Amino acid sequence: MKKQGCEIEAIGINYTIYTQKRENPFKIFSRNHHQKCSRGVQDLHEVKELEKGSTPKVRHVLKDVNCRAKAGEILAIVGPSGAGKSSFLEILAGKIEPQNGSIFVNQKPVDKARFKKISGYVTQKDTLFPLLAVEETLSFSAKLRLRLPATELRSRVKSLIQELGLEHVAESRIGDDRIRGISGGERRRVSIGVELIHDPGVLILDEPTSGLDSTSALQIIDMLKTMAVTRSRTIILSIHQPCYRIMKLFNSILLLANGTILHHGTIEQLSLRLILMGLQLPLHVNILEFAIESIDTIQKQNHTTPQSALMIKNSGKFTLEQLFQQSKLIDDDLSMSIQVGNDFPSGFANSRLQEIVILTVRFWKIIYRSKELFGCKTLQMLVSGLVLGSVFYNLEDNLVGAQARVGLFAFILTYLLSSTTEALPIFLQEREILMKETSCGSYRVSSYAIANGIVYLPFLLILALLFSVPLYWLVGLNKQFMAFMHFLLLIWLILYTANSVVVCCSALVPNFIIGNSLVCGMMGSCALFSGYFVSKNEIPNYWIVMHYISLFKYPFEGFLINEFSGSGKCLQYMFGMCLARGDQVLKEEGYGGEESRRKNLLIIVCFILLYRFISYVILRIRCSQGGLKNILISR
């Protein structure tokens, strides 16, 4: 049975932004999301106030845009660069809000949260995990977005792969610029498939043929046309100068220039209109290309004809009642009251625990397949443990050996906390996908944060073992087994602390360069104020707070206490008498004894939880609708 489709209608959409010059050239923080250094102007009074100053610059992106897209058809939004195509698509998809205007689904005001459940939005950039296979990518998307038994999920994924024409690459990895994978056209089909997995009634695509050759572009549009007809799906897409064969697949077009409508109707109506204007189509020239080249002439014609008359002439579908409704709602905010459809769950598809399990499995596959993070890192930790063990081999139990041990502990901390930025690009990539997936309600941000924290625990434990086992016994540290276990625990927590810092920085910074600089700066300052290079008593009072928040301080004390406290080691003899024991040296240096073990461990765990919580808060703000407009870090 053919399901009822969704007819989308937009009336009086206006969207205005202003750009502002940065007064400080060294300022790296700016506003995020679509605006970058821009934000929406909320009313005409604010626009006038901005125009009075010399710095703000107002730009009207969309001006009274009206359109209609019917079920089972493709509406193509065309126009030159800067015409407002992407902004209009983002408004239709609910990613940004216009200053005024209304959007209807099946002639009813749209509930934005509900509309995201019945629609899919494919961005121009393919945001996919390169190390996952095609079938895995669609399978994880299905698990996160659908409440179906496992057998039905697998069946839907297999059916969608067949519909997308991806059977021959189902087991192939997505790939990217660094990792060889599927072709660009196939990658674009996977991006579309991720948004089709929940069988939406509306599919919105931002330039789905961008970067593809003519054959791949035609295949994509032909596939979308088939989906529109067979599934009664409403498809709205933007495209830049399509070829003739692609153009013939469109049911209607919306021609934009400088944020205003030049034409809304069929290709035949556009051709007739150009002829009535006295414009002759040259041979071997696409009608849309010719229309874009003739924008000035069309705009002059539009100035002499009221827009309501143009809409009736072009689409022939606006009734008097709808035009009256348009004039009534033209200044209203985006309406969001009536829910649409009953086929989609209003909440999340899975419980929080199920989300955590699914995301943890996906994370682990990515980590395991990341050669730089898994293979190279494990080899690096094993080799570095062996090298350090050979350099500090079999240290003696005297003052010279004690000084060497202290130097070894300081180097271990510096090395482990400063060599963790290789995971930064992975976290930055995950952030883009997180924002995309949570924007359509696939899962909770908190589930992502918890899964991200869980998945690295066993991986970092393996690294800690590979590093600690050869190092500890080659150097000849405290030979008690529990002392070794405590040393292993400290190494594990140090690695996890570094991982948490990188996660926090990746949530905050716009790119790898700034993130790398921030992580290195933080670790350098923590090392400086740890108490090793400059003792606590010699740190100026105005810097003493840095000593107590240093990530180096507490594991460094933990190493010293674990090695010298309660070990019974005598560091200096004279005439057969012990003059200096490890416990005495610790007290003279201001370090606690056995009672400080648990305190240091607790503080390290608190640091980990703090950085994890900060990263969650930042990601929550970024992924929320308000954060997209107000967060201070731009990509």
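Criteria and thresholds
- Residues numbered from 1 in each chain as written.
- Predicted model: local features only at pLDDT ≥ 70, side-chain atom pairs only at ≥ 80, totals over all residues.
- Heavy atoms only, no water.
- UniProt positions renumbered as here; feature names shortened; annotations may be inferred.
- Core = buried A, V, L, I, M, F, W, Y, C linked by side-chain atoms within 4.5 Å.
- Buried < 20%, exposed > 50% of the residue type's maximum accessible area, 1.4 Å probe, protein only.
- Helix = DSSP H or I, 4+ residues; strand = E, 2+ residues; numbered from the N terminus.
- Domains from an automatic or database assignment.
- Contact = heavy atoms within 4.5 Å.
- 1 Å grid on protein atoms, 1.4 Å probe; cavity = no way out; pocket = protein on both sides within 12 Å on 5 of 7 lines; lining within 4 Å.
- Points joined across faces, edges and corners; volume = space filled by probe spheres on them.
- Nonpolar A, V, L, I, M, F, W, Y, C, P; charged D, E, K, R; others polar.
- pLDDT = per-residue confidence, 0-100.
- Expected span 1.5 Å × (residues − 1).
- Pairing = 2+ DSSP bridges.
- Axes fitted to C-alpha atoms, helices over the stretch in contact; angles between N-to-C directions.
- Salt bridge = Lys/Arg side-chain N within 4 Å of Asp/Glu carboxyl O.
- Phe/Tyr/Trp six-rings, centres within 6.5 Å; stacked < 30°, edge-to-face > 60°.

Under an unreviewed UniProt entry, the name given to the protein is ABC transporter G family member 5, and the organism recorded is Nicotiana tabacum. Recorded under Subcellular location (unreviewed entry), the UniProt text for the protein is reproduced unchanged: "Membrane".

**Observations regarding the nonpolar core**
Ile412, Leu416, Tyr456, Phe467, Phe487, Ile491 and Phe559 are the most contacted members of the largest nonpolar core, which has 87 residues in total. The leading source of residues in this core is helix 19 (residues 481-508), at 17 residues. Mapped onto the domain boundaries, this core takes at least three residues apiece from domain 1 (59-304) and domain 2 (352-629). Leave out the neighbours within four places in its chain, and Leu416 touches Met381, Phe467, Ile491, Ile494, Leu495 and Ala498.

**As for the layout of surface pockets**
The space that makes up the second largest pocket amounts to roughly 970 Å³. Surrounding the second largest pocket, 33 residues form its lining, Pro130, Asp176, Arg178, Pro425 and Gln429 being those nearest its centre. For the lining of the second largest pocket, the secondary-structure elements that each account for two or more residues are helix 14 (352-369), helix 15 (371-391) and helix 17 (424-439). The biggest single contributor to the lining of the second largest pocket is helix 17, with six residues. Along the lines of polarity and charge, the residues of the lining of the second largest pocket split into 13 nonpolar, five polar and 15 charged. Counting only domains with at least three residues in the lining of the second largest pocket, you end up with domain 1 (59-304) and domain 2 (352-629).

**Details of the confidence of the model for the protein**
Here the protein shows a mean pLDDT of 80. Residues at 70 or above account for 80%. For the stretch residues 626-635, pLDDT sits under 50, and the model shows 38 contacts to residues farther than four places along the chain or on other chains.

**A look at helix 6 (residues 184-196)**
For helix 6, built from 13 residues, the straight-helix expectation of 18 Å at 1.5 Å per residue is met to within 8% by its first-to-last C-alpha distance of 18 Å. Judged by how many residues are buried, helix 6 sits mostly within the fold: 12 of 13 residues are covered. For helix 6, the set of buried residues is Gly185, Glu186, Arg187, Arg188, Arg189, Val190, Ser191, Ile192, Gly193, Val194, Glu195 and Leu196.

**Focus: the pairing of strand 7 (residues 119-122)**
Every second residue of strand 7 is oriented toward a common face, with Ser119 and Tyr121 on one face and Gly120 and Val122 on the other, all of them buried. With four bridges joining them, strand 7 and strand 8 (residues 202-206) adopt parallel strand pairing. Its bridge partner lying in strand 8, Ser119 is registered against Val202.

**A closer look at the sheet that holds strand 10 (residues 252-257)**
Hydrogen bonding along the main chain pairs the strands of a sheet, whether they run parallel or antiparallel. Reading across from one edge, 7-8-9-4-10-11 is the order of the six strands in this open sheet, with mixed pairing throughout. Of all the strands in the sheet, the pair left with one neighbour each is strand 7 and strand 11 (260-265). Direction aside, the axes of adjacent strands within the sheet are offset by 15° on average. Two elements, strand 4 (residues 74-78) and strand 9 (residues 234-238), share four bridges in a ladder whose sense is parallel. Within strand 9, the residue paired with Ile74 across the bridge is Ile235. Contacting strand 4, strand 7, strand 8, strand 9 and strand 10, helix 2 (residues 85-92) runs over the sheet at an angle of about 155° to strand 8.

**Here we look at the pattern of salt bridges**
Scanning all chains against the criterion turns up 18 salt bridges. Residues Arg362 and Glu437 are paired through a salt bridge, measuring 3.0 Å at the closest nitrogen-oxygen approach. On the criterion of sequence distance, the pair formed by Arg362 in helix 14 and Glu437 in helix 17 is long-range, its members being 75 residues apart. Like Glu437, Arg362 is buried. The network of salt bridges with common partners includes Glu163, Asp199, Arg231 and Arg233.

**Quick notes on the packing of aromatic side chains**
The full count for this structure, using the stated rule, is 15 aromatic pairs. Centre to centre, the rings of Phe409 and Phe559 are 5.2 Å apart; their planes meet at 20°, and the pair counts as stacked. Note that Phe409 is positioned in helix 16 (residues 399-418) and Phe559 in helix 22 (residues 553-564), a separation of 150 residues in sequence. A single burial state applies to Phe409 and to Phe559, both of which are buried. Centre to centre, the rings of Phe411 and Tyr415 are 6.1 Å apart; their planes meet at 5°, and the pair counts as stacked. Residue Phe411 and its partner Tyr415 are both found in helix 16; the two are separated by four residues, about one turn of the helix. Judged by its relative accessible area of 43%, Phe411 falls in the partly exposed class. Ring-pair connections join several aromatic residues into one group, and the members of that group are Phe409, Tyr472, Trp473, Phe481, Phe484, Phe487 and Phe559.

**Side note on unusual backbone geometry**
Positive phi is not limited to glycine here, since Glu207 has a value of about 45°. With respect to the helices and strands, the residue Glu207 is situated in the loop between strand 8 and helix 7 (214-231). Here the phi dihedral of Asn258 falls at roughly 55°; this positive angle occurs in a residue that is not glycine. Take Asn258: its relative accessible area is 52%, and that puts it in the exposed class.

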